[in-house]
Amino acid sequence: MARAARSTGGVAPPSSTPLRRALSAGAVACLVLLVLALPVLLETRTYELARAAEYAIAILGLVVLVGFTGQISLGHGAFMAIGGYTSGVLMFHTGVAGALTIPLAGVVAGLIGFFFGFPALRLSGVYLALATFALAVAVPSILKRFEGLTGGSGGLVLDVLAPPGRLHVRPERWLYYLTVSIALVLFALTWLLLRGRAGRALRAIRDGEVAAVSFGVNVALYKALAFGLSAAYAGVAGSLLVIDSGFVNPDTFPIELSIRILVGAVVAGLTTLGAIPLGALFIEFLPIYSQQVSQQAPAVIYGAALILIMVLLPSGAAGLIRRLLSPVIGRL
Amino acid sequence: MPALLSVEDVTRRFGGILALDGVSFALEEGQIGGLIGPNGAGKTTAFNVITRLYPADSGRVLFDGENLLRSPAHKVVSHGIARTFQNVALFAHMTVLENVLVGAHARTGFRGEAKAQAEALETLAYLDLAELAHRAAGGLPFGTLKRIELARALVSRPRLLLLDEPAGGLNHEEVDELQGVIRRIRADHSLTVLLVEHHMNLVMSVSDRVHVLNFGRKIAEGTPAEVRANPEVIEAYLGSDDVAEPETTALALEVEGDDGAP
Ligand SMILES: Nc1ncnc2c1ncn2[C@@H]1O[C@H](COP(=O)(O)OP(=O)(O)O)[C@@H](O)[C@H]1O
Ligand SMILES: [Mg+2]
């Protein structure tokens, strides 16, 4: 699946002509403005949009892993759970503000992902898929066992998110801007990382491990680092999920969450960071609209829509965007 | 003069097959060494052992006095060894420039990006590939791909360049050109070259010394003229499917490349 979805097409767009650079900078600026204006434009949907931004962060992590190193994970919910519980436990036991726990949630999930990345090296394809799936199943129930810390099956009830100090912002707007700012920073960092030496090494591993090794790429280290980075993003997303829910329990991170993130990544197209928000909006809003279309069987609508997308857009939203833009870009 | 590369009594098995059976040969600094032998003789395996993609079962590989067999595969390039692949192993979804930049991976830190870019572009220009820099590597003609592999190898600034059938799949004109390119890069970069090649005209004309493998064993070594006249070498080529003509000149025939491991 990952393989079918990845494609640069026949012609790689030269990113270096000044006109193109100006245009893509302009496009990015417009998108950022749109993102910042969204809660005003779609007042009633602010909370869902914040959720979508959380998903976008998790999907970003998965795209780094699947799209750029060719590894697969069916269990990113596990790293979201680790990040989410890190925040939940800290907030509950120390009373620290949720927003302050986010970096630590990322670091903890990232370290665990990094160390999981080494044994994962020995697995590929379906085996890695199963191992990560098992992780997603196991982590919430392991966390449940440390009842004193995590509150067991009941979980922990946390303070509701409030804007800091005397800032007069509606809580869902504060949530939205917090999440979106974090997402934008992570997107920018990832973009910088992937266009340089490290990103090249990762893509080289994906396209041909033997040649990558022969030119000095430490494959084991890079794959584990990619796993760690990917898990760190999932941890941040999980932390935000807990902060906005105001509670955390094992059911916050069902296996369905891992699948949902993967669906978002595939819908986005796995190779282009720019299409990730579309994947995130898809997994946030499609279930809501499915519910509206059919009360009885929302899953059927959801499934049908997904199949339709895979058939019509085999390389995801990224492929669609490329196809729509290529006549324009080709002439520049 | 001490050898730059010396392969000493190296053995490598694949199940029941002895792909390398106590093979030894050496290469002096600045030499172009030919490594020839019929399909399946163990030439690519020798490259894979030298570059640490495959472990050797026994033996030593000394490069500039150091035992390479103690290095992990990803450190080999830092010793100053770069290679091309028999079946071309480029990164299909990356641009030509990015492919070549991976060649500079080991010797550039995280801050050397601008310098690496400049050097990669320079090398692309050196091999007449400049206008392809921003094209995706996948889908370019085979001869061009081989040239890009050469550029990627050169950008790593090797002392020793291992070329695995660089003429395989090239047309006559391209082979002539390649001959010039190999001489030129040796001179311009003061390189030592180990050349695996089925194209006998090419090996015999550019090599200073030729080493011959057959069924994993070294059967001969000498100047191109000596090797050409060696009865055992002729026999080896006659015994294989590679050559049909029962004459010494059979070695001058062009032989199709095979499809082996990397
Ligand atoms: N990875 C491998 N697994 C199993 N057998 C291999 C492998 N690589 C090479 N061999 C075998 O080792 C022998 C030498 O192969 P190779 O070095 O590719 O020959 P050459 O390059 O001289 O044509 C052949 O019999 C080949 O089938
Ligand atoms: Mg071979």
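Above this text you will find the structure in question.
The model shown is predicted, which means the values in this text are computed figures rather than measured ones.

Thresholds, definitions, all that
Residues numbered from 1 in each chain as written. Chains lettered and ligands numbered in written order. Predicted model: local features only at pLDDT ≥ 70, side-chain atom pairs only at ≥ 80, totals over all residues. Heavy atoms only, no water. Pairing = 2+ DSSP bridges. Helix = DSSP H or I, 4+ residues; strand = E, 2+ residues; numbered from the N terminus. Axes fitted to C-alpha atoms, helices over the stretch in contact; angles between N-to-C directions. Left-handed = near helix turned anticlockwise from the far one by under 90°. Contact = heavy atoms within 4.5 Å. Nonpolar A, V, L, I, M, F, W, Y, C, P; charged D, E, K, R; others polar. Buried area = accessible area lost by both parts, 1.4 Å probe. Salt bridge = Lys/Arg side-chain N within 4 Å of Asp/Glu carboxyl O. Buried < 20%, exposed > 50% of the residue type's maximum accessible area, 1.4 Å probe, protein only.

**Observations concerning the sheet that holds strand S3 (residues 32-36) of chain B**
Residues and elements named next belong to chain B.
- The six strands are arranged S6-S7-S8-S3-S9-S10 in an open sheet whose pairing can be described as mixed. Edge positions in the open sheet fall to strand S6 (81-83) and strand S10 (217-222), since each of these has one partner strand only. Neighbour-to-neighbour, the strand axes of the sheet open up by a mean angle of 20 degrees, direction not taken into account.
- Across three bridges, S6 lies against strand S7 (residues 160-164) in parallel orientation. Paired with Arg83 across the two strands is Leu162, which belongs to S7.

**As for the packing of helix H4 (residues 76-94) of chain A against helix H12 (residues 255-268) of chain A**
All names here are of chain A.
- Running from amino to carboxyl end, H4 crosses H12 at an angle of 115 degrees, the nearest separation of the two axes being 7 Å. Taken as a pair, H4 and H12 cross one another with a handedness that is right-handed. On H12, the residues that touch His76, Gly77, Ala78 and Met80 of H4 are Leu257, Ser258 and Ile261.
- When grouped by side-chain class, the residues that make up the contact of H4 with H12 number four nonpolar, three polar and no charged.

**A word on the interface of chain A and chain B**
- Listed by partner, the interface residues are 29 residues for chain A and 30 residues for chain B.
- Three residues stand out in chain A for area buried against chain B, namely A:Arg197, A:Arg200 and A:Phe215, and they jointly supply 34% of the buried area on that side.
- Remark: the boundary between chain A and chain B carries two salt bridges.
- Residue A:Arg200 is joined to B:Glu113 by a salt bridge in which the shortest nitrogen-to-oxygen separation is 2.9 Å.
- Examining the composition of the side of chain A that touches chain B, we find that eight residues originate from one element, helix H9 (residues 197-207) of chain A, more than from any other.
- Among the residues making up the side of chain A that touches chain B, the classes are represented as 13 nonpolar, ten polar and six charged.

**Thoughts on the side chain of A:Arg51**
- Summarising the element assignment, A:Arg51 is placed in helix H3 (residues 46-69).
- We classify A:Arg51 as buried; its relative accessible area is 17%.

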